[in-house]
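Architecture and fold: a report
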Amino acid sequence: MLQKTSHFLKEANYIGGAWVGADSGETIDVVNPANGQRIGGVPKAGGAETRRAIEAAQEAFGSFRKTSAAERARMLRKLHDVIMDNQDALAELLVMEQGKPFAEAKGEVGMSASYVLWYAEEGRRIYGDTVPSPWADRRIMVTKEPVGVIGAITPWNFPSSMLARKLGPAIAAGCTAVAKPASQTPYSGLAWGVLCEEAGIPRGVVNIVTGSASQIGDELCSNPLVRKITFTGSTEIGKLLLKKSADTVKKVSMELGGNAPFVVFDDADLDRAVQGAIAAKYRNSGQTCVCTNRFFVQAGIYDRFVEKMVEETKRLKVGSGLDDGTQQGPLIDADAVEKVEEFIADATSKGGKVVAGGSRHALGGTFFEPTIITEATPQMRFMQEEIFGPVAPIFRFEKEEDGVALANDTVFGLACYFYTSDLGRAFRVMEGLRYGLVGVNEGVITAVEAPFGGVKESGLGREGGHQGIEDYLDTKYVCIGGL
Ligand code: ADP
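Model, not experiment: these values are computed from the prediction. (Residues numbered from 1 in each chain as written. Predicted model: local features only at pLDDT ≥ 70, side-chain atom pairs only at ≥ 80, totals over all residues.)

**Some points on the pairing of strand S12 (residues 260–264)**
Selection criterion: Working definition of burial: number of other C-beta atoms within 10 Å of the residue's own, with buried at 20 or more, exposed at 12 or fewer, and partly exposed in between, all C-beta atoms being placed from the backbone. Helix and strand definitions here come from DSSP, where helices need a minimum of 4 consecutive H or I residues and strands a minimum of 2 consecutive E residues; each element is numbered from the N-terminal end. Here the rule is simple: two strands pair whenever DSSP picks up at least two bridges between them.
Most of S12 is tucked away: five of the five residues are buried. Residues of S12 alternate between two faces, with Ala260, Phe262 and Val264 on one and Pro261 and Val263 on the opposite face, all of them buried. Direction of pairing for S12 relative to strand S13 (residues 292–298): parallel, over a ladder of five bridges. If you follow Pro261 over to S13, its bridge partner there is Arg294.

**Some thoughts on the packing of helix H3 (residues 87–98) against helix H6 (residues 186–199)**
Stated formally: All axes here are fitted lines through C-alpha atoms, helices being fitted over the stretch that makes contact, and every angle between N-to-C directions spans 0 to 180 degrees. We call two directions roughly parallel when the angle between them is under 35 degrees, roughly antiparallel when it is over 145, roughly perpendicular when it lies between 65 and 115, and oblique otherwise. Residue pairs are scored as contacts if the distance between their C-beta atoms, which are placed from the backbone, is within 7 Å. Throughout this entry, Asp, Glu, Lys and Arg are counted as charged residues, while Ala, Val, Leu, Ile, Met, Phe, Trp, Tyr, Cys and Pro are counted as nonpolar. The remaining residues, Gly among them, count as polar.
Interhelical geometry of H3 versus H6 gives an angle of 150° and a closest axis separation of 8 Å. When the axis of H3 is compared with that of H6, the two are roughly antiparallel. Between H3, through Leu90, Leu93, Leu94 and Glu97, and H6, the contact on the second element is made entirely by Tyr187, Ser188 and Ala191. Looking at the contact of H3 with H6 residue by residue, the class counts come to five nonpolar, one polar and one charged.

**Topic: the site of the ligand**
The cut-off we apply is this: Only the C-beta atom, placed from the backbone, is used; a residue is near a molecule or strand if that atom lies within 6 Å of it.
Around the ligand, the structure places 15 residues, and the nearest of them are Ala213, Gly217, Gly233, Ser234 and Ile237. When residues of the shell around the ligand are traced back to their parent elements, those giving at least two are helix H7 (213–222) and helix H8 (235–246). Looking at the shell around the ligand residue by residue, the class counts come to eight nonpolar, six polar and one charged.

**As for the packing of helix H2 (residues 69–85) against H6**
The condition that has to hold: Left-handed describes a crossing whose near helix is turned anticlockwise from the far helix through less than a right angle; right-handed describes the clockwise counterpart.
Interaxial distance between H2 and H6 falls to 8 Å at its minimum, and their mutual angle equals 125°. On the basis of their axis angle, the class for H2 and H6 is oblique. Considering only the axes of H2 and H6, their crossing is right-handed. Of the residues in H6, those touching H2 at Met75, Lys78, Leu79, Val82 and Ile83 are Leu195, Cys196, Glu198 and Ala199. Across the contact of H2 with H6, the residue classes break down as seven nonpolar, no polar and two charged.

**Focus on the sheet that holds strand S17 (residues 415–419)**
One key point about sheets: their strands pair by backbone hydrogen bonds, in either a parallel or an antiparallel sense. Reading across the sheet, the seven strands line up as S14-S15-S16-S13-S12-S17-S18 and stay open at both edges, with mixed pairing between neighbours. Strand pairing shows two members of the sheet lacking a second neighbour, strand S14 (353–356) and strand S18 (437–440), which therefore form its edges. Going across the sheet, the axis of each strand differs from the next one's by a mean of 25°, ignoring polarity. Where helix H9 (residues 270–282) meets the sheet, it contacts S12, S13, strand S16 (391–397) and S17, and its direction lies at approximately 165° from that of S17.

**Examining the UniProt feature "domain: Aldehyde dehydrogenase" (unreviewed entry) in the protein**
Quick note on the threshold: UniProt positions are given in the numbering used here, feature names are shortened, and annotations may be inferred rather than shown by experiment.
In the numbering used here, UniProt assigns the "domain: Aldehyde dehydrogenase" (unreviewed entry) feature to residues 19–478. Note that residues 19–478 is 40% helix and 21% strand, and that its end C-alpha atoms are spaced 41 Å apart.

**Here's the deal with the sheet that holds strand S5 (residues 129–131)**
The antiparallel open sheet is built from three strands, whose spatial order is S5-S6-S20. A strand with exactly one partner marks an edge of an open sheet, and here the two such strands are S5 and strand S20 (473–480). Here the strands of the sheet are splayed against their neighbours by 25° on average, with no regard to which way each runs. Of the pairings in the sheet, the one linking S5 to strand S6 (residues 139–146) comprises three bridges and is antiparallel in character. Counted as the bridge partner of Val131 is Ile140 from S6.

**Quick word on the nonpolar core**
Most often, soluble globular proteins have nonpolar side chains that are buried together. Quick reminder of the rule: Nonpolar cores are identified as sets of buried Ala, Val, Leu, Ile, Met, Phe, Trp, Tyr and Cys residues joined via C-beta atoms within 7 Å.
Judged by nonpolar contacts, the single largest core of 79 residues is most densely connected at Val116, Leu167, Ala177 and Trp192. By residue number, the principal contributor to this core is helix H4 (residues 102–122), which donates 10 residues. Setting aside residues up to four positions removed in sequence, Ala177 forms contacts with Ala57, Ile150, Ala152, Leu167, Ala170, Val206 and Asn207. Val290, Cys291, Phe397 and Leu414 belong to the second-largest nonpolar core, a separate cluster that totals 61 residues.

**Overview of the UniProt feature "active site" (unreviewed entry) in the protein**
Look at the UniProt record and you will see "active site" (unreviewed entry) annotated at Glu255. You can see Glu255 is positioned in strand S11 (residues 251–255). Taking the number of C-beta atoms within 10 Å as the measure of exposure, Glu255 has 27 and is therefore buried. Leave out the neighbours within four places in its chain, and Glu255 touches Phe231, Thr232, Gly453, Gly459 and Glu463.

This is the structure in structure tokens:
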């Protein structure tokens with residue numbers, strides 16, 4: 001178990017390169033979801049502290065924007081190395097406050113390092129254009145410049161990597177940042193301050209504040225010095241931040257909720273589909289925005305799919321993330337457990353059948369049994385709402401077009417998955433699904449090299465890939481005349 005002496009476990013905010021408390025001296029408790037025990041407390045900062053962090057970022061921007069892409073790439077490569085040198089300690093910190101199995105936490109930290117390295121590379125390829133001019137005596141030059149100070153608000157389900165894919169491109173582009181990690185998992189966020197110090201990122205380039213979400217969020221959204229808001233979290237809060245950012249016309253990137261369908265056609269490779277289904281459903285105990293929310297299975301394979309899913313689901317080992325072999329950790333908090341119970345009660349009252357799990361786990365606390373509900377129907381709440389827990393509702397459909405229509409019947413459009421061995425169907429369905437991310441015969445598809453993001457109410461903008469740096473850049477057109 002990580003000791004309080006670990007230099008990654010910081011209980012102060014990082015502003016202008018200094019570690020400071022909240023003005024009020026108040027703190028918020030951080031709890032280990034695996035045992036309900038308090039780990040410690042982090043500053044309960046508000047508007048004033050956030051304003052100072054923004055000013056520190058603005059001051060740092062003055063010189064940071066002038067650094068060369070090569071210099072910033074060197075800093076990011078160093079940051080990558082510092083993360084990887086401390087992968088186990090950072091993963092342990094993550095498990096302690098978030099609950100996910102150690103192997104997943106280690107994977108997340110590795111992913112953080114990969115994002116940082118990717119943007120070390122991409123930052124050197126921020127090309128502009130010279131465009132053929134319509135005038136004989138003038139030339140057209142188009143350049144890309146960093147937008148300035150960015151505000152980054154991140155959730156508790158990926159407390160390390162969600163910051164990586166915001167801070168990585170921000171630094172690569174020459175922006176400076178004020179980050180606000182989720183209050184449930186602030187340590188993995190604050191650890192970025194330590195990592196930045198060790199990597200030699202100049203003071204004020206990255207600032208981290210913890211505390212009142214609404215006060216910090218209000219300041220980030222209303223302060224004119226902040227030129228861009230990047231948010232990962234619920235659609236509800238995303239809409240609020242969009243409205244608040246409108247007054248100062250900020251750039252916005254929003255990674256919001258999902259309602260991922262997982263469609264299995266009669267001609268699918270059953271074993272492969274089940275393997276993908278388990279990964280796409282139960283990763284992080286179902287608490288990711290790309291986790292399957294609804295399984296649509298064609299009638300001819302329905303019973304066999306259910307039987308195998310039940311078998312595999314019952315095999316999942318539930319326990320503390322730090323115990324060997326754990327595949328399912330606790331849910332983040334008591335509210336999450338209650339919400340999962342409400343979804344199950346709603347489904348069973350409308351004819352759904354619980355064929356695996358269905359209850360709180362014998363381990364107590366916020367542990368929940370991986371659950372499968374068959375005979376799901378569109379009248380049930382999970383047809384439209386995100387479960388964010390280890391519950392797999394399985395719907396039945398007859399025709400290909402019905403499967404696609406059901407999958408698209410949602411305001412969300414982040415990830416979707418489908419399984420078929422028919423090439424023509426693969427193309428028809430891939431083109432018919434209105435989603436930002438599509439897994440064809442694949443249940444885990446995130447990669448730093450690929451653009452991540454949704455359509456419809458799942459968000460705006462893309463993170464990762466070469467696209468992920470665009471939102472941190474302004475385009476400038478320069479007309480050079482009198483030649
Ligand atoms: P989740 O449901 O995953 O907790 P939220 O959207 O509630 O998602 O939270 C994601 C992030 O948004 C967290 O850092 C949270 O503290 C922050 N947040 C919540 N409410 C607000 C708000 N009113 N203004 C700004 N940030 C907020």
